[in-house]
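# Examination of the molecular architecture
These are the residues of each chain, in order.
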Amino acid sequence: MKSKSELRIAIIGGGIGGASAANALKAKGIRADVYEQAPILKEVGAGIGVRPPSVNCFKKWGLYEELEKVTARSNLMEIIQGDDQVLIRETWPVLTGDEADAYARLIHRADLLDLLVAHIPEDQLHLNHCLTEIIDHGNYVEVKFENGKTIEADIVIAADGIRSLVRNQVLGHVEPVYSGYLAHRVLIPFEEALGMASEENVLRIYVNGDDSFYLLPLESRRQVSVDITVPGEFALRPVLTKEQIMDSFRGFGPTLQKIVENIKLEDIVTRPLSDLEPLSKWSTNTVTLVGDAAHAMLHNQGQGANMAIQDAEVLAEAIAEAVAGTITPAESLQNYEEQRKPITKLYQELSRLFPTDQAKTAFPEKTHF
Ligand SMILES: Cc1cc2nc3c(=O)[nH]c(=O)nc-3n(C[C@H](O)[C@H](O)[C@H](O)COP(=O)(O)OP(=O)(O)OC[C@H]3O[C@@H](n4cnc5c(N)ncnc54)[C@H](O)[C@@H]3O)c2cc1C
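The sections below set out a description of the structure shown in this document. Keep in mind that this is a model prediction, so the values were computed, not measured.

This next bit is on the sheet that holds strand β9 (residues 131-136). Overall, antiparallel pairing links the three strands, which are arranged β9-β10-β11 in an open sheet. Looking at strand neighbours, the two that pair on one side only are β9 and β11 (150-153), the edges of this open sheet. Adjacent strand axes in the sheet meet at a mean angle of 20° when their direction is disregarded. As judged from the five bridges shared by β9 and strand β10 (residues 141-145), these two strands associate in the antiparallel manner.

Structure representation (structure tokens):
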């Protein structure tokens, strides 16, 4: 499709937020160039639930059929005390009359990113481009990369994650807030979940005191995404022994402990869990933030990627108005920010609650959106 946009749009970061923004703009016939520091685009980590409002975005981007192919439909999530006492058993919210909208779609983050990246035109994806400096001239932006290249853009979309350099240089430095928790994450074959993961694609969260143990089935891979969250000392890349990991959740039942005993230490990725305080400002006249750069949140609501996907659609709709000439580019960024900020702020706050404190708020979409 020929682009109808004369605006030069640069997206910094090719994660789920940046790749979503590129697809959302493409669906509206607007060209955007994506600049990513890594030599290849790949996600690490875990399984996620693509929630119904995000599924709707994929429909708008013409990617619904493909999403359906690589995801499994989940109609429930459970929070379980110990090995078997179910505290919460809740369906995902139905937001429309369409029965297909009653499900979240479970997928590995890597598979979701692959799907999004596959639809970014090759000439618009620039790998090995690590932004080092951004100068906001008020009506255009200059962006410098480590590889010596400099570009100019009319709009810069910062999708460069929780430690966003764009945000820090243009809107002021913001330091992430450490939650006091570490997450140990690993993918295991389905059989090694020893019957604790659901065959019916139910997301199960086992809880014990301050600790939680997520088992998210990934049907198409016959794997289970394991995410164990426990209190721990901050380190950017924590290195723990197997004994330290086992010690940190001794209170869980014997079957959950057996699952971890069977996991190879080198397969476990441990990360500190940090978020941002809600920011007062996301945009200048030419630069705006999406995804974790704007509103990184803890994983307790499973909303980080979902918010990035939904940001992308709202931003693309706003930029489409600027392209049509009904508002200025600066107004489009402002409108996007005003629309998204209250929602993401709410999720940032809810995501700081531990799963068991979320009984009434497990699905804010049911009451808020
Ligand atoms: C293990 C795990 C499980 C999760 N589970 C869920 C879930 O169930 N549901 C959910 O909704 N969310 C979940 N999340 C959160 C979700 O994945 C993130 O919120 C989401 O990926 C944020 O996307 P992003 O594109 O904004 O940022 P990121 O994914 O951090 O991407 C930023 C990109 O910018 C690039 N970049 C950074 N700096 C520069 C630079 N200077 N120049 C160029 N490029 C740069 C990076 O290389 C990266 O590719 C999970 C996260 C993790 C880690």
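In this section: the nonpolar core. Core analysis: the largest hydrophobic core is formed by 66 residues, its most contacted members being F58 and L112. Broken down by element, the residue count for this core peaks at nine residues, all from helix α9 (residues 304-324). The residues touching L112, leaving out its near neighbours within four places in the chain, are I16, I48, V50, F58, L67, I107 and I309. Within the second largest apolar cluster, 23 residues are counted, among which are V186, I228, M246 and V260.

By the definition in use, this model includes 21 salt bridges. Between D154 and R8 there is a salt bridge, with the nearest N and O atoms lying 3.1 Å from each other. One end of the pair, D154, is in the loop between β11 and β12 (155-158); the other, R8, is in the segment before β1 (9-12), and 146 residues separate them in sequence. The partner of E313 in a salt bridge is K28, and the shortest N-O contact between them spans 3.1 Å. Here K28 lies in the loop between α1 (16-27) and β2 (33-35) and E313 lies in helix α9, a separation of 285 residues in the sequence. In the salt-bridge network here, residues are joined through shared partners; they are R8, E152 and D154.

With respect to the helices and strands, the residue V224 is situated in strand β16 (residues 223-231). Residue classification places V224 among the buried residues on the basis of a relative accessible area of 0%. For the pair formed by V224 and V239, sequence separation is 15 residues and the distance between their alpha carbons is 23 Å. Contact partners of V224, with chain neighbours within four places excluded, come to V186, L187, I188, F190, A193, A197, L215, L216 and P217.

To continue, consider the side chain of S332. Here S332 is to be found in helix α10 (residues 329-350). Excluding its chain neighbours within four sequence positions, the residues that come into contact with S332 are A318, I319, A322 and I327.

Time to look at the sheet that holds strand β18 (residues 287-289). The strand order β8-β2-β1-β12-β18 describes an open sheet built from five strands, whose pairing is parallel. What marks the edges here is a single partner per strand, and that holds for β8 (125-126) and β18. Bridge count for β12 against β18 is three bridges, and the pairing is parallel. Across the sheet, the residue bridging to I157 is T288, located in β18.

For H137, the position within the fold is in the loop between β9 and β10. When the C-alpha atoms of H137 and A153 are compared, they prove to be 10 Å apart, with 16 residues separating the residues in sequence.

A few words now on the side chain of S351. Topologically, S351 is positioned in the loop between α10 and α11 (365-368). Once you skip the residues sitting within four places of it in the chain, S351 turns out to touch M297, L298, N300 and Q301.

Moving on, we come to the site of the ligand. Not every one of the 28 residues close to the ligand is listed here, only the nearest: G17, E36, R109, D292 and A305. In the model, an oxygen atom of the ligand is placed 3.0 Å from a nitrogen or oxygen of the Q37 side chain. A distance of 2.9 Å separates an oxygen atom of the ligand from a polar backbone atom of N306. Contact with the protein chains removes 82% of the 1,000 Å² of surface that the ligand exposes when unbound. Of all the elements in the fold, those that place two or more residues in the shell around the ligand are α1, β3 (47-50) and α9.

Our next topic: helix α4 (residues 109-118). Counted residue by residue, α4 has seven buried out of ten residues, so it is predominantly covered. Along α4, the positions that sit buried rather than exposed are A110, D111, L112, L113, L115, L116 and V117.

What counts, and at which threshold
Counting of residues starts from 1 at the beginning of each chain's written sequence and follows it residue by residue. For a predicted model such as this one, the threshold for reporting local features is a pLDDT of at least 70, and the threshold for listing and counting side-chain atom pairs is 80 or more; totals across whole chains, interfaces and linings nevertheless cover every residue. Excluded from the side-chain calculation are hydrogens and water; included are all heavy atoms of the structure. Strands were regarded as paired on the criterion that DSSP finds at least two bridges between them. Only DSSP runs of H or I with at least four residues qualify as helices, and only runs of E with at least two residues qualify as strands; both kinds are numbered from the N terminus onward. Angles shown run from 0 to 180 degrees and are taken between the N-to-C directions of axes, each axis being a line fitted to C-alpha atoms and, for helices, limited to the stretch in contact. Side-chain atoms within 4.5 Å link the members of a nonpolar core, which is a set of buried Ala, Val, Leu, Ile, Met, Phe, Trp, Tyr and Cys residues. Categorising residues by exposure relies on relative accessible area from a 1.4 Å probe, with only protein chains included: less than 20% of the type maximum marks a residue as buried, more than 50% marks it as exposed, and the intermediate range marks it as partly exposed. Only heavy atoms enter the contact rule, under which two residues are in contact if any of them lie within 4.5 Å. For salt bridges, the criterion is a side-chain nitrogen of Lys or Arg within 4 Å of an Asp or Glu carboxyl oxygen. We call a residue near a molecule or strand as soon as one heavy atom of that residue lies within 4 Å of the molecule or strand. In the analysis that follows, any N or O atom pair within 3.5 Å is treated as a polar contact, provided that within protein one partner can donate a hydrogen and the other can accept it, and provided that, for residues neighboring in sequence, both atoms belong to side chains. Accessible surface area values rest on a Shrake-Rupley calculation with a 1.4 Å probe, where residue burial reflects the displayed protein chains alone.

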